[in-house]
Amino acid sequence: MKLKGENQKMEEKVLEILEEHCEEALDYDGDSMMEDGVIDSFTVINVVSDLEEEFDIEIDAKYVIAENFKNKEAIIAFVRRLMEE
């Protein structure tokens, strides 16, 4: 049960970070925020920086790809994978 609560907190924090940098990302339901012009590379860099700080993780540049930032669900799954490593 504890894990589920922590997971939910992590998801909420990811959404807060996204909202801070790009509110439209929260309503986006497509599969390529970058291609569709919802977020740009500058926004992604800021989001990455905040995610690293918030979750005490290191996001290698090789992971900063459109696939991991295609929508909010992908970002949450990406952060979850990094936290499990």
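Residues numbered from 1 in each chain as written. Predicted model: local features only at pLDDT ≥ 70, side-chain atom pairs only at ≥ 80, totals over all residues. Heavy atoms only, no water.

Chemist: Which parts of the structure should I look at to understand the packing of aromatic side chains?
Modeler: Here the distance between the centres and the angle between the planes together describe a pair of aromatic rings. Per the stated rule, a full pass over the model turns up two aromatic pairs. Where Tyr-63 meets Phe-78, the ring centres are 6.2 Å apart and the plane angle is 55°; that geometry is what we call tilted. Of this pair, Tyr-63 sits in the loop between helix H3 (41-55) and helix H4 (72-84) while Phe-78 sits in helix H4, and the two are 15 residues apart along the sequence. Given the relative accessible area of 30%, Tyr-63 is considered partly exposed. The class for Phe-78 is buried, based on a relative accessible area of 2%. Ring pairs connect the aromatic residues Tyr-63, Phe-69 and Phe-78, which therefore count as one cluster. (Phe/Tyr/Trp six-rings, centres within 6.5 Å; stacked < 30°, edge-to-face > 60°. Helix = DSSP H or I, 4+ residues; strand = E, 2+ residues; numbered from the N terminus. Buried < 20%, exposed > 50% of the residue type's maximum accessible area, 1.4 Å probe, protein only.)

Chemist: Can you walk me through the nonpolar core in this structure?
Modeler: A general tendency of soluble globular proteins is for nonpolar side chains to be buried together. In this structure, Val-14, Leu-51, Phe-69, Ile-75 and Val-79 are the most contacted members of the largest nonpolar core, which totals 23 residues. Elements that contribute at least two residues to this core include exactly helix H1 (2-21), H3 and H4. (Core = buried A, V, L, I, M, F, W, Y, C linked by side-chain atoms within 4.5 Å.)

Chemist: How do you make sense of the confidence of the model for the protein when you look at a structure like this?
Modeler: For residues with low pLDDT, the predicted coordinates do not support detailed interpretation. When pLDDT is averaged along the protein, the result is 94, and 96% of the positions lie at 70 or above. H1 is the least confidently modelled element of the protein, averaging 91 in pLDDT, while H3 averages 97, the highest of any element. (pLDDT = per-residue confidence, 0-100.)

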